[in-house]
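Geometric and topological summary
The primary structure of each chain is shown beneath.
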Amino acid sequence: MTAPTVSPISRRTLLKGSGGLVIGFSLAAAFRNAGLLAQEATVAPIGTPAATPSTEPGLIGTPAAQTQEDIQTRDVSGDTIDSWLSIDGQGLVTIYCGKVELGTGLWTSLTQMVVEELDVPMASATLIAGDTLLTPSQGTTAGSKSIQVAGPVLQQAAAEARMVLLTRASERLGVPMDDLQVEDGVVTALFDATKTVTYGELATDTFGMEITGDAPVKAFDTYRVVGQSIPRIDILSKLTGGEAYLHDLTVEGMVHARVVRPYVRTMDGIGATLGSLDDTAVRAMPGVIDVIQNGSFIGVVAEREEQAVRAADALQVTWAQTAPLPDLGQIYDLIREMPAEEEETVRTGDVEGAFASQTARMLEATYTQPYQAHASIGPSCSIADVRADGATIYSSSQGVYALPAAIGPIIGLAPEQVRIIYKEGPGCYGHNGADDVSADAAVLSKAVGRPVRLQWSREGEFAWEPKGPAMVMDLRGGLDNEGNIVAWDYTVFTPTHSTRPGGQPGNMLVGQQIDPPVEPATLGQTGGDRNAPNNYSIPNQRLTVHWNETPALRPSALRSLGGLANATANETFMDEMASLAGADPVEFRLRHMADPRAVEVMRRAATRAGWMARPSGPQFSGVVPAADGTVTGRGFAFARYETEFAYAAVVVDVTVNPADGTVRATRVVVGHDCGLIVNPDGLQNQIDGCVIQGLGRALKEEITFDGSAVTSLDWSTYHIMGFADIPLIEIELIDRPDQPPLGAGEPAICPMIAAVSNAIFDATGARLRNGPFTPARVLEALAAVTG
Amino acid sequence: MQSTPATALSITVNGQSHDVEATPETPLLYVLRNELGLHAAKFGCGLGQCGTCTVHQDGQPIRSCVVPVSEVAGTEITTLEGLGTADDLHPIQRAFIAEQAAQCGYCIPGMMMTGAALLQTTPEPTDAEITEAFAGNLCRCGTHTRIVRAIQRAAGNVAGTTA
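Because the structure is predicted, anything quoted here is derived from the model rather than measured. (Residues numbered from 1 in each chain as written. Chains lettered and ligands numbered in written order. Predicted model: local features only at pLDDT ≥ 70, side-chain atom pairs only at ≥ 80, totals over all residues.)

1. Re the overall build of chain A
Per the secondary structure count, chain A includes 22 helices and 25 strands. Whereas a compact globule of 787 residues would reach a radius of gyration of roughly 28 Å, chain A reaches 27 Å, a difference of no more than 12%. Projecting the C-alpha coordinates of chain A onto the three principal axes gives extents of approximately 80 × 80 × 50 Å. Across the 787 residues of chain A, 59% fall into the buried class. When contacts within chain A are restricted to residue pairs at least 6 apart in sequence, those whose partners lie at least 24 apart make up 80%. (Helix = DSSP H or I, 4+ residues; strand = E, 2+ residues; numbered from the N terminus. Rg over C-alpha atoms; globule rule 2.2 N^0.38 Å. Buried ≥ 20, exposed ≤ 12 C-beta atoms within 10 Å, placed from the backbone. Contact = placed C-beta atoms within 7 Å.)

In structure tokens, the structure reads:
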């Protein structure tokens, strides 16, 4: 029963990076000020000092006493308690956090972790995050690592703050520290209840201490707030029309903009330059302030939003294509053939030797992953106020701390002259348009000398957002005479899954379009091999990664990065190997699994689902078509996120209509172990999201393009799950309070496609290896089976 | 600088009459958000496909991103702010909060407007009726099951709960 601790070394490592962004929210303030929201529709000017600037002007969660000097001199080092926490005379706690809220409930959970350590009520805490001038950088908010990585940092800061407060209380009350207890921010002597002092009374000065890493954090079995389903602190504003989103902000003097871009993009450039621009008519349109052309970057700025929309639609623009898009029908062949950096990342035993000498039965299969979109429900938005001596930019980027260095050079400012303030947008699920739109808005604001609000169009978001890239996975496996796996050879063709700005102006779309254009920067290979290494005990293994250098569309992080595609290949192939062995797919996995946590997750999911052990396939299930001709099947899949973090096993029941190829998931059971559960209700919400988004990516989602443009530009051409598609979802949460909390926004999506594919096989005997499993692909696979 | 079209258009929103500055063909959504400061209805697609901009016209759900403001003159427009406020929540808002039916939450105001209209005509909907009513509302986070539960809670169809 060891309390989790964080070493100062690892903490400092985490804090590396620059930039940050913060947004404030407070349960107490949210409810206290809720009635004011409607009136506070105007945000103070940003960019230059206002009389009483705030972290989030006009919004809740603003420390009242903050002056411009406070902001400019605030310690954001992360090395001191004060850079993370402050307490005022009323005992109200402000948490300064480097991780932003992406709609997952993170701020609620992080606040729980801090108030737990401090022994203060949830309602006394306000969390501010993602303001590059106010909050320490904790890098990009991504990878579902915020609870896992940032949580312990904040816990440690809170534990150190509590130690300082108890030291002060001890001196003030004349009572040894060991004889003090704290409840709801009130310190009381254990043996003399008359001796009492509040945190507010003790907060006479800043903490003035470096983080030592020495203060003990609480033992998990004393937790009172962590582990509880605390309601979301951000929900009231979101559900009552408050200024919950960046999109809702209004800045004094703000004007509106739209940008016009070619619907072509590659990793090494936009793929088209400006051919011709005729803006004569547009300049005469009502409300149009300016048409901005800088190189191949085109934007219109107007007094009113609808005027900007009309003006953008009316612009006469032609593009000169420099890099045609490849034939979508040949995309997977091209992925194999394109220039790539080859890397062998796993070599265990002797794969070729095992295939040659120990293998009784061998199997080969290829799986493909289509281009898929973040498809945020609202297009990306930003408000930028760029002035000669500095800029303030509201952004929904996951990586606010990297934006000053990426945007500054584009607008002629030093990074330290650029303040980014995070404000939540629609869920992003990764690197969507939020970064690019921020740079676009900054360029337009600089051009017109006014604060500019820019929201991309729906078509723009689908066309310009970075894509979850297409991939190809080749697998070979060998079974020995006993039907156990002796060899596993995995080859993946993938581009990097991150083209985040990384502080590079050339990685912003506008940076590549302005005159002179900035070359995209190479930031290394990331994420394409995520979950390519499996967790099974297989004596001979090899993993080879071909890092594609010229993918058709700009790739970047989409929920789980390569984790979903690689888990799809691994776990579908595992099912194919189980079939080859004539084994029950769950039993087959368990026989190759040594990790007891993985075993329990799989057993719990299977038990909850009522799994009946048998080999997969209609000949074993004895399924007979229903009156309407449909058949049913059940599939299983497992993944441990990034092969080393949270565990998820899923059982998916499907109904397949062999007549028209439609597949419907009817029930999904999830077993889930992410260590300590901070907020069970929030966790279930995230798992629901993984299941539903995972089903969409299995059954519906595919970006299409022709030679010159992305063609899936709206909701009638890019299909996501609707209410009619939603299965019954049942979740088995395994709480391990003695284990560190692990990120939970992505693990459960990883096994989803494989479980659907395996269920379709169980129902029909047809293997689906190329997603999404649309009716056409299902019919094709069925035809292949029936010959 | 401000171009003020010479229109005398007036619309009624949440029981109050407002003179509209926008030109008649301007989508209602922009007027609600930018002229009246009513931010619950969101821009999602501008194509009438996703439902994030849903408001009521004489009690019926409409997509305010594709309805010209001139078309709603003489009718009663209700936005989420007209149903309930943070201080005086509408039962459907209470139900969504009770079910914690939001992830990013961007689509949820539109969901509540669709739900409130459904409950007006179908006070005790089946899940199938909810699914049908929400066919034009998209959620990308995957909050669907909670949204359905929230509608059922608001309808009083959840045992032991009142919204």
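Having seen the structure, we can now continue with the description.
2. Things to note about the domain arrangement of chain B
All names here are of chain B. Looking at chain B, the domain boundaries give domain 1 (10-83) and domain 2 (91-154). Computed from C-alpha coordinates alone, the two centres of domain 1 and domain 2 are separated by 20 Å. Taken residue by residue, the interface counts 15 residues in domain 1 and 14 residues in domain 2. Within the residue set of the side of domain 1 that touches domain 2, elements represented by two or more residues are β3 (54-57), β4 (60-63) and α2 (80-83). Looking at which element gives the most residues to the side of domain 1 that touches domain 2, the answer is β3, with three residues. (Domains from an automatic or database assignment.)

3. A short note on helix α1 (residues 28-35) of chain B
Residues and elements named next belong to chain B. Among the eight residues that make up α1, seven are buried, leaving the element largely enclosed by the rest of the structure. When we look at burial in α1, the residues that qualify are Leu28, Leu29, Tyr30, Val31, Leu32, Arg33 and Asn34. Positioned one or two residues after α1, Gly37 has a phi angle of 65 degrees, which is positive.

4. A closer look at the sheet that holds strand β24 (residues 663-673) of chain A
Residue and element names in this part refer to chain A. If you walk across this open sheet you meet the four strands as β22-β23-β24-β25, and the pairing is mixed. The strands lining the two open edges of the sheet, one partner per strand, are β22 (631-640) and β25 (728-734). The mean inter-strand angle of the sheet, taken between neighbouring strand axes irrespective of direction, is 15 degrees. Bridging between strand β23 (residues 647-656) and β24 involves 10 bridges; their strand directions are antiparallel. Looking across to β24, one finds that Thr655 is bridged to Arg664. The strands touched by helix α21 (residues 752-764) are β22, β23 and β24; relative to β22, the strand with the most contacts, the crossing angle is about 150 degrees. (Pairing = 2+ DSSP bridges. Axes fitted to C-alpha atoms, helices over the stretch in contact; angles between N-to-C directions.)

5. Describing the confidence of the model for chain A
The pLDDT averaged across chain A works out to 91; a share of 91% of its residues lies at or above 70. Counted against residues more than four places away or in other chains, residues 1-65 of chain A, with its pLDDT under 50, gives 186 contacts. (pLDDT = per-residue confidence, 0-100.)

6. Quick look at the pairing of strand β19 (residues 471-479) of chain A
All names here are of chain A. For β19, the buried fraction is high: seven of the nine residues fall into the buried class. The sheet contact formed by β19 and strand β20 (residues 485-494) spans eight bridges and is antiparallel. Looking across to β20, one finds that Gly478 is bridged to Ala487. What sits between β19 and β20 in their antiparallel hairpin is a turn of five residues, with Gly483 showing a positive phi close to 80 degrees.

7. Some remarks on the domain arrangement of chain A
Residue and element names in this part refer to chain A. The domain boundaries assigned to chain A delineate domain 1 (8-244), domain 2 (251-324 + 374-464), domain 3 (328-373 + 467-548) and domain 4 (581-786). Counting residues at the interface gives 18 residues for domain 1, matched by 18 residues for domain 4. At the level of secondary structure, the elements contributing two or more residues to the side of domain 1 that touches domain 4 comprise α4 (106-118) and α5 (146-173). Taken together, the residues of the side of domain 1 that touches domain 4 break down into five nonpolar, 12 polar and one charged. (Nonpolar A, V, L, I, M, F, W, Y, C, P; charged D, E, K, R; others polar.)

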